[in-house]
Amino acid sequence: MACTDRKPSDKTPWGTVVGEQQQQSEGQFTWNDIITNGEMIVLTMSQPDVYYEYHNRGLGAQYMLCEWFCRNWGVSVRVEVCKDTMEMVDRLKKGEADAIIYPLPRELAMNDSLLPCGAFSDENNTAWAVRDDSKELADSFDHWYRPELLAKAKQFEDFLFSAQAVQRHVYAPVVSEARGVISNYDHLFQRYASAAGTDWRLLAALSYQESCFDPQARSWAGACGLMQLMPSTAAHLGVSNIFNPEANVAGGARYIGELSSLFMDVSDPSERMNFVLASYNGGHGHVRDAMALTKKHGGNPHRWNDVSQFILRLSDPQFYRDPVVRYGYMRGNETYNYVLLVRQRYMKYTGFASPAALSSGPATMPTRGGVSPTPQRATKPHRFRID
C-alpha cells in the first residue's frame, strides 16, 4: 500500500485523541496535564510565612509545602506573585494558574466557586484553593497534606538560616597582622579588584563574610566557593570550575562590577558600594524597592543611611505591600547587618594591610608547585566572632 493510502492516526504519539486538547476550555488543565507538562503554576502573595525570594531561591513555609508536594510527582513550581487576594482569585478563575498557595479564607474561596484544599487551618478556617473543575488536583492536595507538615516546613526554614546549614571550615580572619597579610588569597583579590572597581581589601572582607576564606564552602542555597557564587550566576559569568579559587574570585569581582553598573545613578563611589554590597546579599530588586520607598517618604534614595532604614522596613507588611514595591518581602535585617559587617571588617583590614606592607606580603607569597599554600585552621576559633 502506498504511503498516501495510509489513514492518518486519530491519536497523538502520547495517546490523546487529535483535537481533544483544542476542545478543552481555555486555561483548563487536569492534574494529569500538569504532571505531563512538568510544571505547576501557583499564585501567592509575598510575606514571611508564605513566600519570598532569598538568594534566588523561593522560601516561606507555604511555598515549601507546595514544593515538597510537587517534588513527589516530579513537577516543578512556577510562582506568580499577586498584590492581594482579589487578584489571586480573579487570575485563578481566568485559568492563569493551577492553584492558590496561600491561606485563603474558606468562605471567600467557596463564595467564588473555588475548591478549598491542601494546607488547611481549622483554627483560622483557611486553605489553599483550586478551580471547581480541578477536583482531581484538590483531592491530591488533600490526600497528601497533614497538619504536622506545616510545622516541619517552619522548622526546616529555621534550620536553613542557622550556622549548621553552611558547610565550611572557619579560618582566622587574618593570617598575619604583622606582615599585612589578610588571607592566602590576597594575590587574587589584588589581581581582580579592578574588575570589581573597588579596593582589594573590600573584596577580602566580603569573601570572609561569605565563606570564611574556605574555597570549598557551600551554602544550603547552593552558593559555592570563596565568593559564594550561585551556580546560575557562575554560569552567567562564565565560571566553569566554581570551586577553583581564582575562577571564583574573578567571577565574584565581575559580578560586583555588574552590580555597580546598575547603580550608576548613585554618583558617590563609596556610597554606591553600599548599594552593591546590599544587592550582593539581598538582590538588586529589593534594594531598588527600598530606594523607591525612601524617595516616597522624603528621603534621599542615593544615600545609604536613608535607604538602609527602608531595607529594614521591607520585612513589615505596611512597606512590602506598598504599591511602589515590586519584589515584596525581604529579610531586611540580614542585608542591613551584612553591609555593616563587611564595612566594619574592611575598615579593620585597611588599618594594618597598608600598601607599603604589600611589597613583602601576599603579592610574593611562596607557593608549592605553583599552588598557594593551604590555609591554616584558626587555632583558637573562640577568639573570632563569625557573623
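Placed above this text is the structure.
With that settled, consider the packing of helix H11 (residues 245-261) against helix H12 (residues 269-282). Closest axis-to-axis distance for the H11/H12 pair is 9 Å, and the angle between their directions is 120°. Classified by the angle between their axes, H11 and H12 sit oblique to one another. Where H11 crosses over H12, the handedness of that crossing is right-handed. For the pair H11 and H12, contact is made by Gly252, Tyr255, Ile256, Leu259 and Ser260 and by Arg272, Met273, Val276, Ser279 and Tyr280, respectively. The residue makeup of the contact of H11 with H12, split by class, is six nonpolar, three polar and one charged.

Looking now at the pattern of salt bridges. All chains considered together, the criterion is met by 17 salt bridges. Between arginine 131 and aspartate 133 there is a salt bridge, and its shortest N-O distance comes to 3.3 Å. Residue class for arginine 131 comes out buried when judged on its relative accessible area of 6%. Glutamate 246 is the partner of arginine 191 in a salt bridge, and the nearest nitrogen-oxygen pair spans 2.8 Å. Of this pair, arginine 191 sits in helix H8 (residues 186-196) while glutamate 246 sits in helix H11, and the two are 55 residues apart along the sequence. Given the relative accessible area of 43%, arginine 191 is considered partly exposed. Taken together, the salt bridges that share partners define one network made up of Glu39, Arg78, Glu80, Glu87, Arg91 and Glu96.

Strand order in the open sheet made by the five strands is E4-E1-E5-E7-E6, with mixed pairing throughout. Edge positions in the open sheet fall to strand E4 (76-81) and strand E6 (114-121), since each of these has one partner strand only. Sheet twist, expressed as the mean angle between neighbouring strand axes with direction ignored, is 35°. Pairing of strand E5 (residues 99-105) with strand E7 (residues 126-131) involves three bridges; the strand directions are antiparallel. Each bridged residue has a counterpart across the sheet, and for isoleucine 100 the counterpart in E7 is alanine 129. Running at roughly 150° to E4, helix H3 (residues 61-72) makes contact with strand E1 (39-44), E4, E5, E6 and E7 of the sheet. Each of E1, E5, E6 and E7 touches helix H6 (residues 135-144); the most contacted strand, E6, lies at about 10° to it.

With that out of the way, let us pick up the packing of aromatic side chains. One pass over the structure, following the stated rule, counts 17 aromatic pairs. Both rings, one in tryptophan 31 and one in tryptophan 73, keep their centres 5.3 Å apart while their planes meet at 80°; by these two values the pair is edge-to-face. A residue pair is termed long-range when its members are at least 10 positions apart, and tryptophan 31 in helix H2 (residues 31-37) and tryptophan 73 in the loop between H3 and E4 qualify at 42 residues. On the basis of an interplanar angle of 80° and a centroid distance of 5.2 Å, the ring pair of tryptophan 128 and phenylalanine 141 is categorised as edge-to-face. One end of the pair, tryptophan 128, is in strand E7; the other, phenylalanine 141, is in helix H6, with 13 residues separating them in the sequence. Using a relative accessible area of 0% as the deciding quantity, one classes tryptophan 128 as buried. Residue class for phenylalanine 141 comes out buried when judged on its relative accessible area of 0%. Taken together through their ring pairs, the aromatic side chains of Trp31, Phe69, Trp73, Phe120, Trp128, Phe141, Trp144 and Tyr145 make up a single cluster. The ring centre of phenylalanine 310 lies 4.7 Å from the NZ or CZ of arginine 313, which sits over that ring.

With respect to the helices and strands, serine 183 occurs in the loop between helix H7 (148-160) and H8. According to the relative accessible area criterion, serine 183 is buried, its value standing at 2%. Within the structure, serine 183 has its side chain in polar contact with the side chain of aspartate 186 (distance 2.8 Å).

Each value, and the rule that gives it
In this convention, every chain numbers its residues from 1, walking through the sequence in written order. Where local features are concerned, this predicted model is filtered to residues with pLDDT of at least 70; where side-chain atom pairs are given and counted, the filter is 80 or more; whole-chain, interface and lining totals use all residues. The basis for the side-chain values is all heavy atoms of the structure; hydrogens and waters are excluded. Structural elements are reduced to axes, namely lines fitted to C-alpha atoms, with helices fitted over the stretch in contact, and the angle between N-to-C directions of any two is expressed from 0 to 180 degrees. Secondary structure elements are taken from DSSP: a helix is a run of H or I of four residues or more, a strand is a run of E of two residues or more, and numbering for both begins at the N terminus. We call two directions roughly parallel when the angle between them is under 35 degrees, roughly antiparallel when it is over 145, roughly perpendicular when it lies between 65 and 115, and oblique otherwise. Definitions for this section: a left-handed crossing has its near helix turned counterclockwise from the far helix by less than a right angle. A right-handed crossing has that turn clockwise. Pairs of residues are marked as contacts when any of their non-hydrogen atoms sit within 4.5 Å. Amino acid classes used here: Ala, Val, Leu, Ile, Met, Phe, Trp, Tyr, Cys and Pro are nonpolar; Asp, Glu, Lys and Arg are charged; the rest, including Gly, are polar. One speaks of a salt bridge when a side-chain nitrogen belonging to Lys or Arg is within 4 Å of a carboxyl oxygen belonging to Asp or Glu. Relative accessibility decides the category of a residue: with a 1.4 Å probe and only protein chains considered, values under 20% of the type maximum give buried, values over 50% give exposed, and everything between is partly exposed. The rule for pairing is simple: two strands pair if DSSP sees at least two bridges between them. We call Phe, Tyr and Trp rings a pair once their centres come within 6.5 Å, taking the six-membered ring for Trp, and we label the pair stacked below 30 degrees between planes, edge-to-face above 60, and tilted otherwise. Comment: the charge-over-ring label is applied if NZ (Lys) or CZ (Arg) is within 6 Å of the ring centre and within 35 degrees of the ring normal. Under this definition, polar contacts are N or O atom pairs within 3.5 Å; protein pairs additionally need one hydrogen-donor-capable and one acceptor-capable atom, and for neighbouring residues in sequence, both atoms have to be side-chain atoms.

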